Amino acid sequence: AVYVFKKYGRQWQMEQKIIPSYPQPKSNFGRALAVQGDLLIVTARKYDSDSENDGTAYAYVFRHGLWTYQTEIIPDFDAADEAYFGQSVALQGSLMVIGARNDNPNKAGSLYVFRQTSTGWNQIARLTPPDGEKNDHYGFSVAISGSTIAVGARRADFVKGTKEETEEGAAYIYSVKGNNVELVTMLTASDATAGDEFGQSIAMAGDVIAVGAPKPGIKGQKAGQGAVYLFRRTGGQWVEVNKVTASDGAAGDGFGYSLAAFGNRMITGAHFADINGWPKAGAAYIVPLKP
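Residues numbered from 1 in each chain as written. Predicted model: local features only at pLDDT ≥ 70, side-chain atom pairs only at ≥ 80, totals over all residues. Heavy atoms only, no water.

Caption draft 1: Summary view of the pairing of strand β5 (residues 56-63). For β5, the tally of buried residues reaches six of eight residues, placing the bulk of the element in the interior. Two strands pair when backbone bridges link them, and strand β4 (residues 39-44) and β5 are joined in this way by six bridges, in the antiparallel orientation. Counterpart to leucine 39 in the pairing with β5 is valine 61. Across seven bridges, β5 lies against strand β6 (residues 66-73) in antiparallel orientation. Following the sheet pairing, alanine 57 is matched in β6 by isoleucine 73. The antiparallel pairing of β5 with β6 creates a hairpin that spans two residues between the two strands, and histidine 64 there sits at a positive phi of about 55 degrees. (Buried < 20%, exposed > 50% of the residue type's maximum accessible area, 1.4 Å probe, protein only. Helix = DSSP H or I, 4+ residues; strand = E, 2+ residues; numbered from the N terminus. Pairing = 2+ DSSP bridges.)

This is the structure we're talking about:
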């Protein structure tokens, strides 16, 4: 279920509990959310639509003080068995993107791009990673800003064509021109090491892309402390400009596990951080983004 809260003064009160019209056991309804104005998208990545765990998404509109079901969103053709369509979702203007982390080809994952028109949500593209391999998790995270789409593939391997799974991770950047979506570049961490899972989370704020990697150690120590890498668009190129870590970080914190950006601030989660003696209680860090 999805719970909706509204702030009254300094207090937050629950206003609505949203459940799917046709609930299914273990469907993961609410796995990913995106909201824009009076539009809410809720995914259910393990919903059995045409095959097992292929996934689906639902659109709700805000009318008369309540979120009301509008339509179901599915790909133009059947997603693969265990595709997890709905792993991630993002909205920007008339564009919506939905990740399917285990989709074909090769179970590497894919990303579906939709545009809203007077007739509903029309699919304009299906993106797949170049040289994608099984378990890349392309589409695990996604963000949109303007006409730019950023897609995380947290378990992408740098060494392709081998059985070795190094899982450093990568992020793919696309440009939307009309109904055409073109690959611009692939981003990786300048100091990537095996198992970093760069691309676990991703966020955009203007000309800055933040990519979370919750598994790397810092300075060869503190395995799994995590980091967030910042890339800035300069002269048409995306350039790594900073690596952000927690000043009080410890091994296993998972800093960079989740990300959100708004204006000139970024918020990142460290879901296993120890707080005041409470093990793995978790924490969130607010990081300013330089103009």
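Caption draft 2: How the structure looks around a nonpolar patch on the surface. On the surface, a cluster of nonpolar side chains totalling about 490 Å² of accessible area is made up of Tyr3, Phe5, Trp12 and Met14. Secondary-structure elements contributing two or more residues to the nonpolar patch are β1 (2-8) and β2 (11-18). Residue position: phenylalanine 5 is located in strand β1. Overall, the relative accessible area of 46% leaves phenylalanine 5 in the partly exposed class. (Patch = residues over 30% accessible without salt bridge, like charges linked within 9 Å, V, L, I, M, F, W, Y side chains within 5 Å. Areas by Shrake-Rupley, 256 points an atom, 1.4 Å probe, with all protein chains shown as cover. Salt bridge = Lys/Arg side-chain N within 4 Å of Asp/Glu carboxyl O.)

Caption draft 3: Local environment of the layout of surface pockets. Considered as a void within the structure, the largest pocket measures approximately 900 Å³ in volume. Looking at the largest pocket, it is lined by 31 residues, and the ones nearest its centre are Leu33, Val89, Val142, Ile202 and Leu259. Of the residues in the lining of the largest pocket, the class split is 20 nonpolar, 10 polar and one charged. Lining the second largest pocket are Val208, Leu230, Arg232, Val241, Asn242, Val244, Val287, Pro288, Leu289 and Lys290. At the level of elements, β17 (227-234), β18 (237-244) and β21 (283-288) are the ones that each hand at least two residues to the lining of the second largest pocket. Sorting elements by how many residues they give to the lining of the second largest pocket places β18 first, with three residues. Residues that form the lining of the second largest pocket fall into these classes: seven nonpolar, one polar and two charged. (1 Å grid on protein atoms, 1.4 Å probe; cavity = no way out; pocket = protein on both sides within 12 Å on 5 of 7 lines; lining within 4 Å. Points joined across faces, edges and corners; volume = space filled by probe spheres on them. Nonpolar A, V, L, I, M, F, W, Y, C, P; charged D, E, K, R; others polar.)

Caption draft 4: Inspection of the packing of aromatic side chains at higher detail. For the coordinates displayed, the defined rule picks out nine aromatic pairs. Consider the rings of phenylalanine 198 and tyrosine 229, whose centres lie 5.6 Å apart with planes at 65 degrees: the pair is edge-to-face. Residue phenylalanine 198 is located in the loop between β14 (180-187) and β15 (201-205), and its partner tyrosine 229 is located in strand β17; the two are separated by 31 residues in the primary sequence. Pair check on accessibility: phenylalanine 198 and tyrosine 229 agree, each one buried. An aromatic cluster is present here, built from Phe29, Tyr58, Tyr60 and Tyr69 joined pairwise through their rings. A cation sits over an aromatic face here: arginine 154 above phenylalanine 140, 3.9 Å from the ring centre. The ring centre of phenylalanine 272 lies 5.1 Å from the NZ or CZ of lysine 280, which sits over that ring. (Phe/Tyr/Trp six-rings, centres within 6.5 Å; stacked < 30°, edge-to-face > 60°. Lys NZ or Arg CZ within 6 Å of the ring centre and 35° of its normal.)

Caption draft 5: Up close: unusual backbone geometry. The omega torsion across asparagine 104 and proline 105 is 5 degrees, close enough to zero to call that bond cis. Following the sequence through the fold, proline 105 ends up in the loop between β8 (95-100) and β9 (110-117). A positive phi angle is found at glutamate 82, which is not glycine, with a value near 65 degrees. If you trace the backbone, glutamate 82 turns up in the loop between β6 and β7 (85-92). Here the phi dihedral of asparagine 106 falls at roughly 65 degrees; this positive angle occurs in a residue that is not glycine. Inspection of the secondary structure assignment puts asparagine 106 in the loop between β8 and β9.

Caption draft 6: View of the sheet that holds β9. The sheet built from four strands is open, its strands ordered β7-β8-β9-β10 with antiparallel pairing. Two strands close off the open sheet at either side, each with one partner strand: β7 and β10 (120-127). Pairwise comparison of adjacent strand axes, ignoring direction, gives a mean angle of 25 degrees for this sheet. Note: β7 against β8, six bridges, orientation antiparallel. Each residue of the ladder has a partner; that of valine 89, found in β8, is isoleucine 98. (Axes fitted to C-alpha atoms, helices over the stretch in contact; angles between N-to-C directions.)

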